[in-house]
Amino acid sequence: MQNFPQNTAQMVKRSIQGTLRRYFLSPKREKSTENKDKRAQTIRSLNYENKAMFGAVLRRSKKSQVSRTASEISEKSSEFFWMMQKKQKTEKITGNLTNTPSRPSLPDSLLDLQQNLPPQPKIPRKSPKPPIHNTQTIPFDSTTLKELVDIPLVFNKKHSIQKQSPHDILKLPSVGRVLQATMPEASREALMRWKVLKIAELGEEGFRKLNERHLSEGARLHGWIEEFFSTGKSPEDAEFEGGWKSVQGFLGKVQPKIVEAKISHPFLKYHGIVDCVSLVDSELHVIEWKKSERMKPNLADTFDAPLQLAAYLGAVNATLPAHGLTTPVLRGAVVVIYTDGTPAHVHLLGNSDVRFYWRAWLLRLQEFWVRSRDGTLPEPI
């Protein structure tokens, strides 16, 4: 580029501006051949002045792209080749870093000590203990076990009966134990949840005391009823108790024959304590007392109480002479006694109801003996 004095550059600039102003601001421009020639001449003069002022325009020469022949293309010309070369370099560097020791070597004395350590003593393994199953002696063979559900409510004497001592009877499962071990899984889970919640609320000691209190209250209520049947008078310490007020009205309709008696079934091999066998409306009934803090207006609300009643009723019918009875008992009553003094709900079971629950009890009893034989009885809750 040529260097001009500052005054000269300004003069050229003014000349260019004047030429452009005259061309673009001319009032009349005829579109003719002469005008086009004059326009071209003006542009050429502008370019000449620019070239004189700033020099020629520099242009970069474009390299002609030459296509490579097939012979010139090799494996080294591909992108994959260069990627593999880069990978090999990276692996080489990584290998060098891996082989570099990460910590200083130990002195020879420590190495000798490490290599000559005394052997670790072998601790003898204890053989695993066999799993403990809640087993129960099975008093039935396979054939008899299958026939348990066909045992009638009024026991048939054709079945062979072995005389049992009181000690042998205590070895038999109780009615409550059978029902608890064979309760439906949903009921067991619900009971476990209730127990866990109560323990969380009261603690282990508080939960134990709660169970003891319920048992003592139930035993006291049974004692009052037994005393009433024996004396015909209301116990003095029971007059202001809610449970006694709840059941007192029903007791006047009861004519007891058996009260709080130990019973067992000589063939089906279970035992329990029947609350009461009495005349109700001139018919023999087995009565089951149930204390409750919640209202239970329907028999279904009492859960396994009808099965428990049917089990006691079947045991009584199997040992009628031992209890001074000559007529089979075919009816029952579940009496729900409320702790707040609300009159008790009396759920009466007729002949057909009792036979239905007797069949259900036999199925639960069969399940108990089968699981007892197989060692699959659950732990008590």
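About the thresholds
Residues numbered from 1 in each chain as written. Predicted model: local features only at pLDDT ≥ 70, side-chain atom pairs only at ≥ 80, totals over all residues. Heavy atoms only, no water. Helix = DSSP H or I, 4+ residues; strand = E, 2+ residues; numbered from the N terminus. Buried < 20%, exposed > 50% of the residue type's maximum accessible area, 1.4 Å probe, protein only. Areas by Shrake-Rupley, 256 points an atom, 1.4 Å probe, with all protein chains shown as cover. Axes fitted to C-alpha atoms, helices over the stretch in contact; angles between N-to-C directions. Left-handed = near helix turned anticlockwise from the far one by under 90°. Contact = heavy atoms within 4.5 Å. Pairing = 2+ DSSP bridges. Core = buried A, V, L, I, M, F, W, Y, C linked by side-chain atoms within 4.5 Å. Phe/Tyr/Trp six-rings, centres within 6.5 Å; stacked < 30°, edge-to-face > 60°. Parallel < 35°, antiparallel > 145°, perpendicular 65-115°, else oblique. Nonpolar A, V, L, I, M, F, W, Y, C, P; charged D, E, K, R; others polar. Right-handed = clockwise from strand over helix to strand, strands pointing away.

A word on the overall build of the protein
Scanning the protein for helices and strands turns up 11 helices and 5 strands. Going through the 381 residues of the protein one by one, you find that 30% of them count as buried. About 27500 Å² of surface is accessible on the protein, with carbon and sulfur atoms providing 55% of the total.

A closer look at the packing of helix α8 (residues 185-231) against helix α9 (residues 242-251)
Orientation of α8 relative to α9, taken along the N-to-C sense of each, is 35°, at an axis distance of 11 Å. For the pair α8 and α9, the sense of crossing is right-handed. The residues of α9 that touch α8, namely those facing L221, W224, I225, F228 and F229, are G243, W244 and L251.

What about the sheet that holds strand β4 (residues 331-338)?
An order of β1-β2-β3-β4-β5 is seen for the 5 strands of this open sheet, with the pairing classed as mixed. Bordering the open sheet on either side are β1 (255-265) and β5 (345-349), each of which pairs with just one other strand. Mean inter-strand twist for the sheet, computed between neighbouring axes without regard to direction, equals 30°. Across 8 bridges, the pairing between strand β3 (residues 283-292) and β4 is parallel. The residue of β4 that forms the bridge with K290 is V336. Sheet strands in contact with helix α11 (residues 351-374) are β1, β2 (270-280), β4 and β5, and its direction is about 85° off that of β5.

Remarks on the side chain of T302
With respect to the helices and strands, the residue T302 is situated in the loop between β3 and α10 (305-318). Filtering out sequence-adjacent residues up to four positions away, T302 remains in contact with K296, V334, V336 and H347.

Some points on the nonpolar core
Counting residues in hydrophobic clusters, the biggest one holds 45 residues, and the most contacted among them are L268, Y270, V277 and W361. Breaking this core down by element, the ones donating at least two residues are α7 (175-181), β1, β2, β3, α10 and α11. Of all the elements, α10 adds the most residues to this core, at 10 residues. Discounting residues that sit within four places of it in the chain, L268 has contacts with F140, L148, I151, W358, L362, L365 and W369. The next biggest cluster of nonpolar side chains, apart from the first, holds 19 residues, and it includes I225, L251, W289 and A333.

Here's the deal with the packing of aromatic side chains
Throughout the structure, instances matching the rule amount to 9 aromatic pairs. Taking 5.1 Å as the distance between ring centres and 80° as the angle between the ring planes, the aromatic pair formed by F356 and Y357 counts as edge-to-face. Exposure remark for F356: the relative accessible area of 55% places this residue in the exposed category. Measuring from centroid to centroid gives 5.3 Å for F368 and W369, while their planes differ by 75°, and the two rings are edge-to-face. When sorted by exposure, F368 lands in the same class as W369, which is buried.

Some remarks on the packing of α10 against α11
Between α10 and α11, the least distance of the axes is 8 Å, while the angle of their chain directions is 90°. Taken together, α10 and α11 sit at an angle that is classed as roughly perpendicular. Each of P306, L307, A310, A311, L313 and G314 in α10 lies in contact with α11, whose residues at this interface are V354, Y357, W358, A360, W361 and R364. Of the residues contributing to the contact of α10 with α11, the split by class is 10 nonpolar, 1 polar and 1 charged.

Brief notes about the pairing of β3
Of all 10 residues in β3, 7 are buried, a share of seventy percent or more. The sheet contact formed by β2 and β3 spans 5 bridges and is antiparallel. Each residue of the ladder has a partner; that of S278, found in β3, is H285. Hairpin connection, β2 to β3: the antiparallel pair is bridged by 2 residues, and D281 has positive phi, about 55°. In this fold, the crossover linking β3 to β4 by way of α10 has right-handed handedness.

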